[in-house]
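Chain by chain, the residues:
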Amino acid sequence: MKNIIRSLTVALVLAAGLLTATLRAAEVYVSAAASLTDVLKEIAITYEKESGDQLVFNFAASSTLARQIEEGAPADLIVSADEAKLDALEKKGLLLPGTRKSILSNTLVVVVPADSAANIKSAKDLAGPDIRKIAVGEPSSVPAGIYAKEYLEKLGLWQRLTDKIVPVENVRAALAAVESGNVEAGIVYKTDAMISTKVKVAFEVPASEGPVISYPLAVIKDAKAPDAAKKLAAYLESGPAQAVFEKYGFVVTR
């Protein structure tokens, strides 16, 4: 009888502990730039085990994410690939004051299919006959495309290349277009090129020539789990998270 009572007591204690943990756990909706897909998924594996929280990701172009949040889509935390999208959200009072910060940077690269014989050593070579189509994120709204246009305009090449530009929905779509061979070249982030075996980097844009790339994050004002979102934001600045970011080629700025 004592053994039965002891077993029931242990079972009740375990059940109570499990219930308490479940009640403490939160579901955190994270809207993140498409270029962060792989690195955040890896970070989530460790974070979910340590925190007990569950991360629900929505990966897309930062412009799409901002529009979704403006329209009331569920989001607790946003990590954008540029400052402009958060500027717009902040002006509309959609960010929780005091939570915005820039945590990462990146580099632009020109990629070509892995089996390409094109001799591309500088942006000027993109104007040559070997390159007929260049995939970039939509240059009017997608950060990677905006950065690419800014870079080419700085070199005085944008107008010369306009007829070759193929705008796509986000940076991962630009990468996919090069991988498939549908275009001869693409301008993407270095971090995107690093995850693909189907493309090769023709050249990396020098820091002195390229645009300043910033990845800011902020908690959404109407977040359903603001405390959990703040906790996640803090973790993304921690040593373990920064090590993963650096492994994927991001530049940690905090």
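Structural notes, computed from the coordinates. (Residues numbered from 1 in each chain as written. Predicted model: local features only at pLDDT ≥ 70, side-chain atom pairs only at ≥ 80, totals over all residues. Heavy atoms only, no water.)

What to know about the overall build of the protein chain
Across its full length, the protein chain carries 10 helices and 11 strands. Each principal axis of the C-alpha atoms in the protein chain carries an extent, and together these give about 85 × 40 × 30 Å. Split into buried and exposed, the 254 residues of the protein chain put 47% on the buried side. Sequence-distant contacts, at least 24 apart, represent 78% of the contacts inside the protein chain between residues at least 6 apart. (Helix = DSSP H or I, 4+ residues; strand = E, 2+ residues; numbered from the N terminus. Buried < 20%, exposed > 50% of the residue type's maximum accessible area, 1.4 Å probe, protein only. Contact = heavy atoms within 4.5 Å.)

Considerations on the packing of helix H2 (residues 37-51) against helix H9 (residues 226-235)
Relative to each other, H2 and H9 sit at 125°, their axes nearing to 12 Å. Considered as vectors, H2 and H9 are oriented oblique to each other. By crossing handedness, the relation of H2 to H9 is classed as right-handed. Every residue of H9 that contacts H2 at Ile43, Thr46, Tyr47, Glu50 and Ser51 is listed here: Ala228, Lys231, Leu232 and Tyr235. (Axes fitted to C-alpha atoms, helices over the stretch in contact; angles between N-to-C directions. Parallel < 35°, antiparallel > 145°, perpendicular 65-115°, else oblique. Left-handed = near helix turned anticlockwise from the far one by under 90°.)

What to know about empty space enclosed by the protein
Over the atoms rolls a probe the size of a water molecule, and in doing so it shows where empty space is left. For the coordinates displayed, the defined rule picks out 2 cavities of 30 Å³ or more. The space that makes up the largest cavity amounts to roughly 70 Å³. Along its surface, the largest cavity is lined by 13 residues, and Ala34, Ala61, Ala81, Val142 and Val171 are the ones closest to its centre. Class assignment of the residues belonging to the lining of the largest cavity gives a composition of 10 nonpolar, 3 polar and no charged. Lining the second largest cavity, in full, are Val30, Leu40, Ile43, Ala44, Leu55, Phe57, Leu232 and Leu236. If you list the elements that add at least two residues to the lining of the second largest cavity, you get H2 and strand E2 (54-60). Looking at the lining of the second largest cavity, its residues break down into 8 nonpolar, no polar and no charged. (1 Å grid on protein atoms, 1.4 Å probe; cavity = no way out; pocket = protein on both sides within 12 Å on 5 of 7 lines; lining within 4 Å. Points joined across faces, edges and corners; volume = space filled by probe spheres on them. Nonpolar A, V, L, I, M, F, W, Y, C, P; charged D, E, K, R; others polar.)

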